[in-house]
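# Coordinate inspection notes
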Amino acid sequence: MIAPLAFVVGLSMVKEAVEDWNRFLQDMKVNLRKVHVHKGDGVFGHRPWHKIFVGDVVKVEKDQFFPADLLLFSSSYEDGFCYVETMNLDGETNLKVKRCLEATSPLDDDTAFKDFRATVQCEDPNPNLYSFVGNLDHDRQVYPLEPGQILLRDSKLRNTSYIYGVVIFTGHDSKVMQNSTKSPSKRSAIEKKMDKIIYILFFLLLVISLISSIGFGVKTKRDTPKAWYLRPDDAEDMYSPKKPAVAGLIHLVTALILYGYLIPISLYVSIEIVKVLQARFINNDIHMYDEEHGIPANARTSNLNEELGQVDTILSDKTGTLTCNQMDFLKCCIAGIAYGVRSSEVELAAAKQMATDLEDQDEHDEELANVPRKSQGASWGNEVGSEIELETVVTSKDGKDPKPAIKGFSFLDSRLMDGNWLKEPTCDVILLFLRILAVCHTAIPEPSEETGQYTYEAESPDEGAFLVAARELGFEFCKRNQSSVYVRERYPDPEQPVEREYKILNLLEFTSKRKRMSVIVRDEDGQLLLFCKGADSIIFDRLSKNGRIYEEASTKHLNEYGEAGLRTLALAYRKLEESEYDAWNNEFQKAKTSIGADREVMLERVAEKMEKDLIMIGATAVEDKLQKGVPQCIDNLAQAGLKIWVLTGDKMETAINIGFACSLLRQGMKQICISTANLETLGQDGKEAVKDNVLNQITNASQMIKLERDPHAAFALIIDGKTLTYALEDDMKHLFLELAVDCASVICCRVSPKQKALVTRLVRQGTGKTTLAIGDGANDVGMIQEADIGVGISGVEGMQAVMASDFAIAQFRYLERLLVVHGHWCYKRIAQMICYFFYKNIAFGLTLFYFEAFTGFSGQSIYDDWYMLSFNVILTSLPVISLGVFEQDVSSEVCLQFPALYQQGARNMFFDWYRILGWMGNGVYCSLIVFFLNIITFKDQSFRSDGQIADMAAMGTTMFSGIIWAVNCQIALAMCHFTWIQHCFIWGSIAMWYIFLLIYGMMSFSGNAYQILVEVLGPAPIFWLATLLVTLACNLPYIVHIAFQRSFNPMDHHIIQEIKYYRKDVEDQRMWKREASKARQETKIGFSARVDAKIRQLRAKLHKKHTHTNAMSPL
């Protein structure tokens, strides 16, 4: 038994070593990246990342990642600033501006570092991405350092030719690595449960071995003295009647070895083979191959294949995972008039789903209703359909699109395009609207050599979309310097565009607290103007009395845009008087140059004084472009019964808008926002007060959900990173988890990488259910490692998430197929395979125990040693592997059409104790039939025509033949999907038994089995009849069980199999669609939930209309 065990363990070690080696190679790929390092005397040379040390001066060029945490010394810009993309750290795609110290900005070429000496003193390594404390000692002066001068590892240099910096933290001391968690060793829930079953079988082995040992001891004491021919007076300890206890203990070793076949050691080898082949199928799935980037799916470990079929909660990053980092200007409203005729992805998919649902509903009504009711139902359906037509938006009223697609600009409306806005009655308002788009921002233009137009590096992606929209509509932002922005206006004369200068006097920056940004400019006519854009609620509160002319109409359009999943901003302006501005500016400069803790509060107070009495002119609606198929994927995953949480480093407003775009949020869903935004001015006891406040918010929200009586009510929990810090503390985290589990969707925004990992751990440990984390950046590594299953997106930005993941896919939409198809298949395959393995080993192993008991616990095996060795290795191994690799209860297309089938895995319906014990009981029954039916058949009678009775070799071979037939026929009955491979393996294994028997019988060392098939058993009809009888008797209960279940208590896949078998899916498409609709899991998120809510709303509206009409009609 030691050799097989060593082989199994060794094979598993080799497999794990290969997977670890592949991970090591990917790590080395990152560590071997090159960077310019100062070698001395102003000379820079290449050096790999893993050989960089603290104190090294490095030069990083455009679009390169920073190899360590750096202190910025200088950049290619004279002012010493640079642009950094931190998507791998916090998930945000907008660029961050970093500025160096004035003292180091002259160090802008290689030779400047020839004699440079300085000392940096700073904080110890820590995981906080947004703080840094330190100072620089240079030329006997000490300069304080701030986070704005620190460049973090794994962020990328953008829009800057090069920078110089000194290494502060490297390797595991860097902030991104401080946010990482230790890579855990992951095992699937099925494997853990399988271990428990092995313990049960081992306990069973000990029990029957003890029974055998006690029986042998009793037999030795009682019967050995009577067997005078054994010379009991001179017997060895094993047969001495004077030492029955010693004899029993010695026999215990024999019994443990004999019954060792109960422990399926070969199961581990078979599972490893099956999982590796399953992983190959996942890797080679053409439907998960991204043709655009040439990236296939990649199962980086095969240990968790079946876990894919048992996921309960998905925790997803947003940027780069759900979205493709692209904003498109889609609609706008100016002077209360809506412009833009294209529909958003949300609108198109919702309208399509509504039409399908209404069609199915009408067909269903026609089938069930009688003639009078039928016409009434049709009328109802037509009215709802007409209502929906009014609700939906036409894709294009202008025929074919006049231009090819422009990145960031999906707007289409002939009233504004090509200068036609000049013909509009509100053209003066439109002119101001477009100028605000072109001027109110912090972006930098870059000329494009390919198109000749300008592209924009903006701090936020929607800001970039506004500038592209302004450019396409005739107002091209073309230049910026320290004091002005320049806009090239093509209208009113497109042939002679005019370049206008707007002097930037003040910039009031956007913050998540302010939710707005403003610029104060002086135009070429000398007019002072304040341009402001921000959240509609913030802008509306600051409008003057005469600035609300378009408020009502704009509010209606903003609500429509929000329902369509678009991100909205309101635009307003104000004309300023010179005296008013001068007085305000003095106060603003004083606040700006103040030093102290209340500087930000002073600036906010001064800004409030200027941002008032605004005049509303319009609003924008941009679409945060989701990755292809994301809304449909989320909808199908929701129908599969999966809960989806979004964990993002983005601002709360951004996260909420993406929630709407993905249909994780919808109009009518009650949003529970837990925040500490209004508690920042508390005193010294502030922390306890904030904590109590957060606790009260959580408690009140939980109470509100419990008191809700509407069965269709849906709640969404939205929480930011600061609040999450309190919510994740030990005395509050379980209350937070209870609230989150009761909500339909959960969005955590402004969270750090470590918080992502902590939330994932809380969900995994708190719910006890399988969690899956998916992300694409280094900021997602912690949660990917912490989850039961980690999935990395193989995006174009870095590979850290992929290297830490268990599975890698190119786009989020492939997650649906990975889970709903491969997860469903792998779970059922592994579960059935393990159950069958225990069944066949019990059926085989217990016959050895019965025979030993039948022969007075003699320790004699009924089977030849070569039979027993070949049982698991040759005669039953291939069919069970084919079950684990090729079995399909339904096809992949059906899995996607009926996502609710996924719940069979999530509920563990095929590997619960009821099913496990059922298969083990079937094995016990089969062993009883094989042994006693053969004993009854052969005992006390001849089995050949010459009167010869069966000896132990003939009896053992017949029993073994019955087992081979019974277990292989059983696996054939358990399979739902057959190819030539399964047929070859199953029936080939049975044929292999007879070939083995024939060849083995010819060998001189076969002993009593010499020519046993040809000369002894083959000519005896009772041998063949006994084999047939045993096979039928062993499998009859399973046949009865499955027939009863399919007839009276069928499972979902049984019904689908029957429909497919009788081709009803082809002959009766209406019925097939209806069954697919009925099979949807009831959900409160996704397109389906949004459509259901919309239909309920329309039906209620029509019902109210009919009721009112009936009440008004005369009696």
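Residues numbered from 1 in each chain as written. Predicted model: local features only at pLDDT ≥ 70, side-chain atom pairs only at ≥ 80, totals over all residues. Heavy atoms only, no water.

Moving on, we get to the overall build of the chain. Within the chain, the secondary structure is distributed over 36 helices and 32 strands. Counting all 1115 residues of the chain, 54% fall into the buried class. Expressed as a percentage of contacts within the chain between residues at least 6 apart in sequence, the contacts between residues at least 24 apart total 73%. (Helix = DSSP H or I, 4+ residues; strand = E, 2+ residues; numbered from the N terminus. Buried < 20%, exposed > 50% of the residue type's maximum accessible area, 1.4 Å probe, protein only. Contact = heavy atoms within 4.5 Å.)

Here we come to the nonpolar core. With 92 residues, the main nonpolar core has Ile834, Tyr863, Tyr867, Phe911, Phe960 and Trp993 as its most contacted residues. Per-element tally for this core: the top contributor is helix H23 (residues 814-854), with 18 residues. (Core = buried A, V, L, I, M, F, W, Y, C linked by side-chain atoms within 4.5 Å.)

We now examine the environment of Tyr162. Among the structural elements, Tyr162 can be located in strand E12 (residues 162-169). Among residues more than four places away in sequence, those in contact with Tyr162 are Lys59, Val60, Glu61, Ser75, Ser76, Asp108 and Leu157.

The next point concerns the packing of aromatic side chains. Scanning the model with the defined rule gives 49 aromatic pairs in all. Plain terms: the ring middles of Phe960 and Trp993 are 4.9 Å apart, the flat faces sit at 50° to each other, and that makes the pair tilted. Within this pair, whereas Phe960 is found in helix H29 (residues 952-974), its partner Trp993 is found in helix H30 (residues 980-1002), the two being separated by 33 residues in sequence. For the ring pair Phe1023 and Trp1024, a centre distance of 4.8 Å and an interplane angle of 70° mean the geometry is edge-to-face. Relative accessible area serves as the criterion here: at 39%, Trp1024 is assigned to the partly exposed category. Through a chain of ring-to-ring contacts, the aromatic side chains of Tyr261, Phe844, Tyr863, Trp866, Tyr867, Phe871, Phe960, Trp993, Phe996, Tyr1000 and Phe1005 assemble into a single cluster. (Phe/Tyr/Trp six-rings, centres within 6.5 Å; stacked < 30°, edge-to-face > 60°.)

Further remarks concern the packing of helix H24 (residues 865-875) against H30. The geometry of H24 relative to H30 is characterised by a closest axis approach of 11 Å and an angle of 145° between their N-to-C directions. Note on packing geometry: the crossing formed by H24 with H30 is right-handed. For the pair H24 and H30, the contacting residues are Trp866, Tyr867, Ser870, Ile874 and Leu875 in the first and Ser989, Met992, Trp993, Phe996, Leu997 and Tyr1000 in the second. For the contact of H24 with H30, the class distribution of residues is nine nonpolar, two polar and no charged. (Axes fitted to C-alpha atoms, helices over the stretch in contact; angles between N-to-C directions. Left-handed = near helix turned anticlockwise from the far one by under 90°. Nonpolar A, V, L, I, M, F, W, Y, C, P; charged D, E, K, R; others polar.)

A few words now on the side chain of Asn841. Among the secondary structure elements, Asn841 is positioned in helix H23. Polar side-chain contacts of Asn841 include one of 3.5 Å to the side chain of Lys840. In this view, Asn841 contacts Tyr261, Leu262, Ile263, Pro264, Phe871 and Asn872; residues no more than four positions away in its chain are not counted. (Polar contact = N/O pair within 3.5 Å; in protein donor to acceptor, adjacent residues only side chain to side chain.)

Quick look at a nonpolar patch on the surface now. A contiguous nonpolar patch, built from Trp866, Leu869, Val873, Ile874, Met992, Ile995, Leu998, Ile999, Met1002, Met1003, Phe1005 and Val1014 and spanning about 1,100 Å² of accessible area, is present on the exposed surface. Elements represented by at least two residues in the nonpolar patch include exactly H24 and H30. The leading source of residues in the nonpolar patch is H30, at five residues. Structurally, Ile999 is set in helix H30. Take Ile999: its relative accessible area is 43%, and that puts it in the partly exposed class. (Patch = residues over 30% accessible without salt bridge, like charges linked within 9 Å, V, L, I, M, F, W, Y side chains within 5 Å. Areas by Shrake-Rupley, 256 points an atom, 1.4 Å probe, with all protein chains shown as cover. Salt bridge = Lys/Arg side-chain N within 4 Å of Asp/Glu carboxyl O.)

The next thing to look at is the sheet that holds strand E6 (residues 95-99). Across the sheet, which stays open at both edges, the three strands sit in the order E6-E5-E11 with antiparallel pairing between neighbours. The sheet is open, and its two edges are formed by E6 and strand E11 (156-158), each paired on a single side. Looking at each pair of strands side by side, their axes are set apart by 45° on average, direction ignored. Judged from the three bridges that link them, strand E5 (residues 81-85) and E11 form a sheet pairing that is antiparallel. Within E11, the residue paired with Val84 across the bridge is Leu157. (Pairing = 2+ DSSP bridges.)

Another aspect to go through is the pattern of salt bridges. Scanning all chains against the criterion turns up 39 salt bridges. The closest approach of N and O atoms between Glu123 and Lys175, which form a salt bridge, is 3.2 Å. Highlighted residues: Glu123 in the loop between strand E7 (119-122) and strand E8 (134-138) and Lys175 in helix H3 (residues 175-178), separated in sequence by 52 residues. Looking at Glu123, the relative accessible area reads 18%, which means it is buried. Note that Arg574 and Glu580 form a salt bridge whose closest N and O atoms lie 2.2 Å from each other. Residue Arg574 is classed as buried on the basis of its relative accessible area, which comes to 8%. On the basis of relative accessible area, Glu580 is assigned to the partly exposed category, the value being 29%. One network of salt bridges, in which partners are shared, links Arg187, Glu191, Asp195, Lys275 and Glu306.

To continue, consider unusual backbone geometry. Its identity is not glycine, yet Asp41 carries a phi of approximately 55°, on the positive side. Although it is not a glycine, Asp63 adopts a positive phi angle of roughly 70°. One can find Asp63 in the loop between strand E3 (57-61) and strand E4 (69-75).

Negative charge collects at one region of the surface, where Glu78, Asp79, Asp108 and Asp109 lie side by side. With respect to the element layout, Asp79 can be found in the loop between E4 and E5. (Lys, Arg positive; Asp, Glu negative; His and termini not counted. Charge placed at Lys NZ, Arg CZ, Asp CG, Glu CD.)

On the secondary structure map, His38 appears in strand E1 (residues 34-40). At 3.0 Å, the side chain of His38 and the backbone nitrogen of Gly42 are in polar contact. Ignoring sequence-local partners within four residues, the contact set of His38 consists of Val43, Phe44, Val57 and Phe113.

The strand order across the open sheet built from nine strands is E13-E32-E31-E30-E14-E26-E29-E28-E27, with neighbouring strands paired in mixed fashion. This sheet does not close on itself; its edge strands, each paired only once, are strand E13 (298-299) and strand E27 (670-674). Inspection of the sheet shows strand E26 (residues 643-647) paired to strand E29 (residues 745-749) by three bridges, in the parallel sense. Its bridge partner being in E29, Trp645 is matched across the sheet by Val746. This element, helix H19 (residues 733-742), spans E26, E27, strand E28 (715-720) and E29 of the sheet and lies at about 140° to E28. Across the sheet, helix H20 (residues 753-767) lies against strand E14 (311-316), E26 and strand E30 (770-775), angled at about 160° from E26, the strand it touches most.

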